[in-house]
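Each chain is listed here by its residues.
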Amino acid sequence: MVKHIVMWNFVEQLTEEERKEAGAKMKEILEPLKDQIPGVVSLKVQMNELPSSNRDVALIGEYESVEALNGYAVHPLHVEAGKYVRSVTCNRACIDYEM
């Protein structure tokens, strides 16, 4: 099992309302990929809720294997979702590890 955690900030020009909308849309387009891409065990989009955080939004995913994570990364549905994510975010940080 592999854990994949990606965190971003929203681009500065988004208003607070646009940030909320962007987070909701990220949740809407990323979480369903769990049922559409082989090897994805779980996907959750989490918005920053505490002032101690230094990122606005995170994607927390679990995959059956490193190969499943690699397949997810290049899957056309993920690539398409990534286009939207990149349009509203910056400062990406990621950590992957085997559980």
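Our structure is the block above this text.
Residues numbered from 1 in each chain as written. Predicted model: local features only at pLDDT ≥ 70, side-chain atom pairs only at ≥ 80, totals over all residues. Heavy atoms only, no water.

Draft legend 1. Geometry of the packing of aromatic side chains. For the structure on display, the rule yields one aromatic pair. Taking the centre distance of 5.1 Å and the plane angle of 50° together, the rings of tyrosine 63 and tyrosine 72 count as tilted. Lysine 25 extends its terminal NZ or CZ atom over the ring of tyrosine 84, reaching a point 4.9 Å from the ring centre. (Phe/Tyr/Trp six-rings, centres within 6.5 Å; stacked < 30°, edge-to-face > 60°. Lys NZ or Arg CZ within 6 Å of the ring centre and 35° of its normal.)

Draft legend 2. Seen up close, the state of the cysteines. All told, the structure shown has zero disulfides when counted by the stated rule. No disulfide involves cysteine 94; its sulfur sits 16 Å from that of cysteine 90, the nearest cysteine. (Disulfide = S-S within 2.5 Å.)

Draft legend 3. Representation of helix α1 (residues 16-30) within the structure. Over its 15 residues, α1 extends 21 Å from the first C-alpha to the last, a length consistent with the 21 Å expected when each residue adds 1.5 Å. For α1, the secondary structure elements touched by its buried residues are β1 (2-10), β2 (40-47), β3 (57-63), α2 (66-74), α3 (76-88) and β4 (89-98). (Helix = DSSP H or I, 4+ residues; strand = E, 2+ residues; numbered from the N terminus. Expected span 1.5 Å × (residues − 1). Contact = heavy atoms within 4.5 Å.)

Draft legend 4. Focus on the pairing of β1. In terms of burial, β1 is largely enclosed, as seven of its nine residues are buried. In terms of strand pairing, β1 meets β4 through eight bridges, oriented antiparallel. The residue bridging histidine 4 from the neighbouring strand is aspartate 96, located in β4. (Buried < 20%, exposed > 50% of the residue type's maximum accessible area, 1.4 Å probe, protein only. Pairing = 2+ DSSP bridges.)

Draft legend 5. Molecular detail of the sheet that holds β3. An order of β2-β3-β1-β4 is seen for the four strands of this open sheet, with the pairing classed as antiparallel. The two strands at the open ends of the sheet, each matched to only one other strand, are β2 and β4. Going across the sheet, the axis of each strand differs from the next one's by a mean of 15°, ignoring polarity. Along the sheet, α2 contacts β1, β2, β3 and β4; its crossing angle with β3, the most-contacted strand, is approximately 130°. Contacts from α3 reach β1 and β4 within the one sheet, and its direction differs from that of β4 by about 130°. (Axes fitted to C-alpha atoms, helices over the stretch in contact; angles between N-to-C directions.)

Draft legend 6. A look at the pattern of salt bridges. Enumeration according to the criterion identifies five salt bridges in this entry. A salt bridge links glutamate 31 to lysine 27; its shortest N-O distance comes to 2.9 Å. On the basis of relative accessible area, lysine 27 is assigned to the partly exposed category, the value being 34%. (Salt bridge = Lys/Arg side-chain N within 4 Å of Asp/Glu carboxyl O.)

All quantities given are derived from atomic positions and should not be read as evidence of function.
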